[in-house]
Amino acid sequence: MTIPSPSPSPTFDTEVLQVYDNDKMLQPFVQEIKDRFAHYAWLKKEIGLKEGGIEGFSRSYQIFGLHETTEGVWYREWAPGAQHVQLWGDFQGWDTNTRVNCTKNNFGTWECFIPRKEDGSCPIAHLSKIKAHVKLADGKEEDRVPAWIFCTSQEGTYPLDGRFWSPPEPYQFKSKHPDKPKSLRIYESHVGMSSEEGKVNSYRDFADNILPYIKSVGYTAVELMAVMEHAYYASFGYHVTNFFSIAGRCGLPSDLQYLVDKAHQLGLYVIMDIVHSHASKNVYDGLNNWDGSGHQYFHAGPKGTHELWDSRLFDYSKWEVLRFLLSNLRYWQDVYQVDGFRFDGVTSMLYTHHGMGVGFSGNYNEYFGPQVERNCLTYLMLANDLIHKINPNAITIAEEVSGMPLLCRKIREGGLGFDYRLAMALPDMWIKILKEKKDEDWDIGYITHTLTNRRYDEPVVAYCESHDQALVGDKTIAFWLMDKEMYTHMSVIIPESPIIDRGIALHKMIRLITLGLGGEASLTFMGNEFGHPEWVDFPRKGNNSSYHYCRRQWSLARDPQLRYKFLLNFEREINRIEEQFHWLSSGDPGWISRKNNSDKILTFERGGLFFIFNFHPTQSFPDYLLGVRNPGKYRILLDSDRQDFGGHCRVDSRIEYYSKPVPQDNHFHSIQIYIPSRVAIVMRNDEQKI
């Protein structure tokens, strides 16, 4: 069933008109925004009439797939193009003559029931292998993994196998959802590559050994990548094959539940990467061509394929696709108790061109009109509505690069309902600078503009690098800064080389200024906080299936003889101070006082703190006059030149700085301070209430 357009349009919430007055550029598009909301409101009403409401609609995971009841096991599968569907597996010895036949209803859903054995036991053993045998639309007969399967396994590089998940004793969560973090500081993680050993790590090892570390460094949330099952490990989890199954190479569903429970015990939010932008092309163990029609879950023809990603694209106008995806969101919230989602590939979802070959200039005509995928916008609005109804404290983050306005505004205001978008321009900026610019050519104005260039009251997650920047073909920021000298000059027992000295100094400054000025939340990919060297490369044919670059060398930061500990110390202190003053969530975007390109000096005030950066490679400035907004006594909370941060101790944090009524930087008061080269300083006015 394809969803028609609503007629007549329902009345739009007039609250939106006042919101748009804050952005004059939106005024020509108010009617289109009203129409978007009208389509969402109409479809939500239709779901209510036909399915009893979006909450019931999203509980379809409790009906579709395989479910044990008191009478036996039910199997249901939507496959309108299939001519016949049967169930078989370990439970009947893979006997072709005793496959269990399914019957089809008027909506294209097949179902069968297998009664309990004579002794009352379940007819399908827990964790036993199971498949659907399908007579496809063209008459061919092939096996498929049930689309709503909850558990999978894989032997080597062979296709995934579905396994019946019905544990005798389901996992019981011991902890409730923690309080929503006042400041969101995210630790982006990949469980499989989180071991120092050359192997795929487990959910339980990550829970027991990595989560306490994450908490100790001061992060408030863990983002779990690659949780949804994907047959090809090197896809980094983005070519999803089985949407309701966890990545089985890291453990069982109960192991992931243990991980989430452990995170909640530590007070950490759990944000999961959700991939609803596309799906793997795999046929046997994925959704692609499940019923033989070629367009069951996806668009037909070229529109259903993403050329660059080599994957299939969902048709969000289909009723059963909405059921599948909305149920998928509720499933992860209900069964695994995740606290939110980072939606992958949102730019591709929003536009018919999927962002390919388009350089977004900021012209508002790019965000409206026929190039916008209306049905996908409606799906994202329904998704955010549902997620926040299930858990009002849930967090949703959009990976979105075009800058679409209203993405992070409330739905009733004409927005899509996300809480944050990723500030994807920031890591691109830093990598570009490190690749192309000499230190003396760094443009302080350009850096400042990029860090602050975000939409009013649409929060962003700031980061200087994520997993994207570390993938093979690129390098971590630390490796761009220090490269091969990280192999030979990171020991504290040998003199520090100029390259290492520069690298450690700039690594700290880049991370602090990004966290300080770049957004309303922060993110780091695991290991980057202490300057993890090299890059990320998953085992594959091209590297002889090596895990050497698909692991995290935690011992580098633990070794007292290595300089990595200095970067970790600095990261821990940044997070500690942010937790104390909460500038990320203060509502203050930052007041920039000085951006002097010749001196390479940048200063700003945010959250009651005064940030000072000297990016000059050689010039230190004694008695440098800086304007401050408020008079009073200033003292140093943090300076990147401390010895325990790998610095040279050129700043005396015991000195107190009293402002003088001397105008400077458009302020009525100023202080004088010594600012060494390549140093960042954070100060507090003791007389100012925060």
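The coordinates are above.
Residues numbered from 1 in each chain as written. Predicted model: local features only at pLDDT ≥ 70, side-chain atom pairs only at ≥ 80, totals over all residues. Heavy atoms only, no water.

> I keep staring at the overall build of the chain and nothing clicks. Help me out?
Summing up its helical and strand segments, the chain has 15 helices and 30 strands in all. The C-alpha radius of gyration computed for the chain amounts to 27 Å, which stays within 12% of the reference 26 Å derived for 690 residues, consistent with globular compactness. Each principal axis of the C-alpha distribution contributes one length, and for the chain these read about 90 × 60 × 45 Å. Out of the 690 residues belonging to the chain, those deemed buried represent 60%. Considering only residue pairs separated by 6 or more positions, the chain has 73% of its internal contacts joining residues 24 or more positions apart. For the chain, the exposed area adds up to about 26,900 Å²; of that, 50% sits on carbon and sulfur atoms. (Helix = DSSP H or I, 4+ residues; strand = E, 2+ residues; numbered from the N terminus. Rg over C-alpha atoms; globule rule 2.2 N^0.38 Å. Buried < 20%, exposed > 50% of the residue type's maximum accessible area, 1.4 Å probe, protein only. Contact = heavy atoms within 4.5 Å. Areas by Shrake-Rupley, 256 points an atom, 1.4 Å probe, with all protein chains shown as cover.)

> What is the right way to read the packing of helix H5 (residues 253–265) against helix H6 (residues 319–336) from this model?
The N-to-C vectors of H5 and H6 enclose an angle of 75 degrees; their axes lie 10 Å apart at closest approach. Here H5 is positioned roughly perpendicular relative to H6, judged by the angle of their axes. Two secondary-structure elements touch here, H5 through Pro253, Leu256, Gln257 and Val260 and H6 through Trp332, Val335 and Tyr336. Residue composition of the contact of H5 with H6, grouped by class: six nonpolar, one polar and no charged. (Axes fitted to C-alpha atoms, helices over the stretch in contact; angles between N-to-C directions. Parallel < 35°, antiparallel > 145°, perpendicular 65-115°, else oblique. Nonpolar A, V, L, I, M, F, W, Y, C, P; charged D, E, K, R; others polar.)

> What is the right way to read the packing of aromatic side chains from this model?
Between two aromatic rings, the relevant description is the distance of the centres plus the angle of the planes. Per the counting criterion, the structure on display carries 48 aromatic pairs. Arranged with centres 5.0 Å apart and planes meeting at 20 degrees, the rings of phenylalanine 64 and tryptophan 148 form a pair that is stacked. Taken as a pair, phenylalanine 64 in the loop between helix H3 (54–57) and strand E1 (65–68) and tryptophan 148 in the loop between strand E8 (141–144) and strand E9 (151–153) lie far apart in primary sequence, 84 residues in all. This pair shows no difference in class: phenylalanine 64 is buried, exactly as tryptophan 148 is. Aromatic side chains phenylalanine 604 and phenylalanine 613 sit 6.0 Å apart centroid to centroid with 10 degrees between the ring planes, which places their arrangement in the stacked category. With respect to class, phenylalanine 604 is no different from phenylalanine 613; both count as buried. Sitting over the ring of tryptophan 88, arginine 99 keeps its end group 4.2 Å from the ring centre. The ring of tryptophan 480 has lysine 475 sitting right over it, with the charged end atom 4.1 Å from the ring centre. (Phe/Tyr/Trp six-rings, centres within 6.5 Å; stacked < 30°, edge-to-face > 60°. Lys NZ or Arg CZ within 6 Å of the ring centre and 35° of its normal.)

> In this structure, what is going on with the environment of proline 676? I would like to understand it.
With respect to the helices and strands, the residue proline 676 is situated in the loop between strand E29 (669–675) and strand E30 (679–685). Overall, the relative accessible area of 0% leaves proline 676 in the buried class. Each C-alpha atom of the pair proline 676 and glycine 218 lies 28 Å from the other, and the pair is 458 residues apart in sequence. Not counting residues up to four positions away in its chain, the partners in contact with proline 676 are Asn614, Ser620, Arg650 and Val651.

> I keep staring at the environment of phenylalanine 164 and nothing clicks. Help me out?
Structurally, the position occupied by phenylalanine 164 is in the loop between strand E10 (161–163) and strand E11 (185–190). Judged by its relative accessible area of 1%, phenylalanine 164 falls in the buried class. For the pair phenylalanine 164 and isoleucine 149, spaced 15 residues apart in the sequence, the C-alpha separation amounts to 7.6 Å. Excluding residues that lie within four positions of it along the chain, phenylalanine 164 makes contacts with Leu66, Glu68, Val73, Cys122, Ile124, Ala125, His126, Leu127, Ser128 and Ile130.

> Quick question: what am I supposed to make of the pairing of strand E18 (residues 340–343) here?
For a regular strand, side-chain orientation follows a simple rule: the groups alternate between the two sheet faces. Alternating residues of E18 divide into Gly340 and Arg342 and Phe341 and Phe343, and every residue in both groups is buried. As paired strands, strand E15 (residues 269–274) and E18 are joined by four bridges and run parallel to one another. Counted as the bridge partner of aspartate 273 is arginine 342 from E18. In the sheet, E18 pairs with strand E19 (residues 395–398) via four bridges, with the strands oriented parallel. Within E19, the position partnered with glycine 340 by the bridge is isoleucine 395. (Pairing = 2+ DSSP bridges.)

> What's the story with empty space enclosed by the protein in this structure? I'm lost.
One simple way to see leftover space: roll a probe sized like a water molecule over the atoms. Inspection of every chain in the model, using the stated rule, returns four cavities of 30 Å³ or more. What the largest cavity holds in volume is close to 150 Å³. Each residue belonging to the lining of the largest cavity can be placed in one class, and the counts come to eight nonpolar, four polar and four charged. Computed from the structure, the second largest cavity encloses a volume of approximately 60 Å³. (1 Å grid on protein atoms, 1.4 Å probe; cavity = no way out; pocket = protein on both sides within 12 Å on 5 of 7 lines; lining within 4 Å. Points joined across faces, edges and corners; volume = space filled by probe spheres on them.)

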